[in-house]
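# An overview of the molecular structure
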Amino acid sequence: MSKKKFRRISVIGLGYIGLPTAAMFASRKIEVVGVDVNPDAVSTINEGRIHIVEPDLDMVVGAAVKEGYLRAVIIPEPAEAFLIAVPTPFQGDDHEPDLSYVKAASRAIAPVLKAGNLVILESTSPVGATEAMADWLAEARPDLSFPQQEGAASDIRIAHCPERVLPGKVMQELITNDRVIGGMTSVCSERAVALYRTFVTGDCVVASGPRVAEMAKLTENSFRDVNIAFANELSMICSELQIDVWELIQLANRHPRVQVLQPGPGVGGHCIAVDPWFIVSSAPDSSKLIKTARIVNDLKPHWVLNKFDQMLADLLQSEPSRTARDVTVACYGVAFKPDIDDLRESPALNIVSILAGRFPGKLLVVEPNLEDQDQPAIGHANFTDLKSAYAKADIHLMLVDHREFLATEPPAGRILDTRGVWA
Ligand code: SAJ
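Parameters at a glance
Residues numbered from 1 in each chain as written. Predicted model: local features only at pLDDT ≥ 70, side-chain atom pairs only at ≥ 80, totals over all residues. Heavy atoms only, no water. Helix = DSSP H or I, 4+ residues; strand = E, 2+ residues; numbered from the N terminus. Buried < 20%, exposed > 50% of the residue type's maximum accessible area, 1.4 Å probe, protein only. Contact = heavy atoms within 4.5 Å. Areas by Shrake-Rupley, 256 points an atom, 1.4 Å probe, with all protein chains shown as cover. Lys, Arg positive; Asp, Glu negative; His and termini not counted. Charge placed at Lys NZ, Arg CZ, Asp CG, Glu CD. Pairing = 2+ DSSP bridges. Axes fitted to C-alpha atoms, helices over the stretch in contact; angles between N-to-C directions. Near = heavy atom within 4 Å. Polar contact = N/O pair within 3.5 Å; in protein donor to acceptor, adjacent residues only side chain to side chain. Nonpolar A, V, L, I, M, F, W, Y, C, P; charged D, E, K, R; others polar. Salt bridge = Lys/Arg side-chain N within 4 Å of Asp/Glu carboxyl O.

### Quick word on the overall build of the chain
Along its length, the chain carries 15 helices and 15 strands. Expressed along its principal axes, the backbone C-alpha trace of the chain runs to roughly 80 × 50 × 40 Å. When burial is assessed residue by residue, the chain has 53% of its 423 residues classed as buried. In the chain, 69% of the contacts between residues at least 6 apart in sequence involve partners at least 24 apart. Summed over all atoms, the accessible surface of the chain reaches about 19400 Å², with 53% contributed by carbon and sulfur. The positive charge centre, built from 41 side chains, and the negative charge centre, built from 54, are 5 Å apart in the chain.

Structure follows, in structure tokens:
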């Protein structure tokens, strides 16, 4: 086992994963240099504040900056270990992975690399990305040797160690989750294990290489996506067959080997709705189920909007004196999942913004987790509280099962409950 302690670590990309990771190393009294291309993020962090929302992160960052263990910069500086945690989105209708941020990060750290350094790719990546990163680094630094050239004897150690933390529980899961460590050689893996051991109490499981580690992360999120798609498909079947899907799932889950997940208005966030496409794009002919699950989950918000239209048509038919213009609609929740304020790829936000365009001045939104209610994406919607939404709306659309909603009695009026809160 590699014993030499790390004195200076650099984290490239100070977003939802990079900043908590940087703060965690710094909280263990290791000097951390965080690097980000966004000057606002850099200055916010250097003031001991944070630019993203994650429980307890502000405290840890504030303390780390104050004690001098964490600082942020735009241009990378030398360090003993570099962790790359930049976005890996997809591009185009084919959902092809976009590794441009990883490439840019590799180019940025290459000039300051030294023999003995460890470079870890943490971003969720398509199979082969770590090897591509190693090639970009080697291209930029022909004076150093890399694992793909010299194996265990190389100057630079490279590994893929995918992040696996749940937004909302990052500060806890960073410590307790097991880590998958996919070094390009066993020396690379050993050094990466030594690095994570500074704060990880879960197991550091060494994989046979970076490709299987990359695939492990993609598999975890695809597993969840496929299972959510199953629940979403059941909800559509049940609606057709006039069966209560929530009761159905409760009954089926009484079987000792069945654990159906919960349907919703679709799958949001920046991980589960993205990562399965990396598998599909690498092996399109063999990943039919994974692709179909993506399509099922992506179609769910449209299905919800269709259901809403049927409900509106019923209302107008039963009250012929009214038109759609004087119908008030209340939407409960816009975040991509319960008890957070994160709107990224949120199916609820997607539905709310479409309805806001259709019901100008008549769309009420209740979102207890959003402090800044000036949301351009929501346009003409009016933020309000639960009581007033209950009193004013004709149609109530439950979109996110935030804890504030769980204890509530169903409102009077027509209800479209995509989360089973009032079921
Ligand atoms: N959802 C449902 N029904 C369910 C569970 C989830 O509709 O039964 C929806 C949520 O409402 C949300 C979406 O799925 O819109 C994703 O939420 P999530 O809580 O399943 O996952 P994320 O995106 O917050 O985090 C996932 C996690 N992966 C797994 O649980 C396998 C996390 O551990 C990963 O680190 C993270 O992706 C990531 O960064 O990749």
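### Comments concerning the sheet that holds strand E7 (residues 118-121)
Taken in spatial order, the eight strands make up an open sheet running E3-E2-E1-E4-E7-E8-E9-E10, and their pairing is mixed. At either margin of the open sheet sits one strand with a lone partner, and together these are strand E3 (70-73) and strand E10 (204-206). Adjacent strand axes in the sheet meet at a mean angle of 25 degrees, parallel and antiparallel pairs treated alike. Where strand E9 (residues 179-183) lies against E10, three bridges are found, and the strand directions are parallel. Across the sheet, the residue bridging to arginine 179 is cysteine 204, located in E10. Docked against the sheet, helix H4 (residues 100-109) engages strand E1 (8-12), strand E4 (81-84) and E7, running at close to 160 degrees with respect to E4. Helix-sheet contacts for helix H5 (residues 129-140) involve E4, E7 and strand E8 (157-160), and the interaxial angle to E8 is about 155 degrees.

### Remarks on the site of the ligand
Taken together, 20 residues lie near the ligand, and Glu163, Lys217, Arg224, Gln262 and Phe336 sit nearest. In the model, an oxygen atom of the ligand is placed 2.7 Å from a nitrogen or oxygen of the valine 165 main chain. For the ligand, whose unbound accessible area comes to 770 Å², protein coverage reaches 89%. Ranked by residue count, the leading element in the shell around the ligand is helix H9 (residues 210-241), at five residues. For the shell around the ligand, the per-class residue count stands at nine nonpolar, three polar and eight charged.

### Observations regarding the sheet that holds strand E13 (residues 382-383)
Across the sheet, which stays open at both edges, the five strands sit in the order E13-E12-E11-E14-E15 with parallel pairing between neighbours. Two strands bound the open sheet, and with one partner strand each, they are E13 and strand E15 (414-417). Two strands pair when backbone bridges link them, and strand E12 (residues 363-366) and E13 are joined in this way by two bridges, in the parallel orientation. The residue of E13 that forms the bridge with leucine 364 is asparagine 382.

### Here's the deal with the pattern of salt bridges
Per the stated rule, a full pass over the model turns up 22 salt bridges. Note that glutamate 47 and arginine 49 form a salt bridge whose closest N and O atoms lie 2.5 Å from each other. Judged by relative accessible area, which is 45%, arginine 49 ranks as partly exposed. Close ionic contact of glutamate 139 with arginine 107 constitutes a salt bridge, the shortest N to O distance being 3.4 Å. Separated by 32 residues along the polypeptide, glutamate 139 in helix H5 and arginine 107 in helix H4 bring together distant segments of the chain. Classification of glutamate 139 by relative accessible area gives exposed; the value is 55%. Look at arginine 107 and you get partly exposed, because its relative accessible area is 41%. Shared partners join several salt bridges into a network, and the residues in it are Arg8, Glu31, Arg71 and Glu77.

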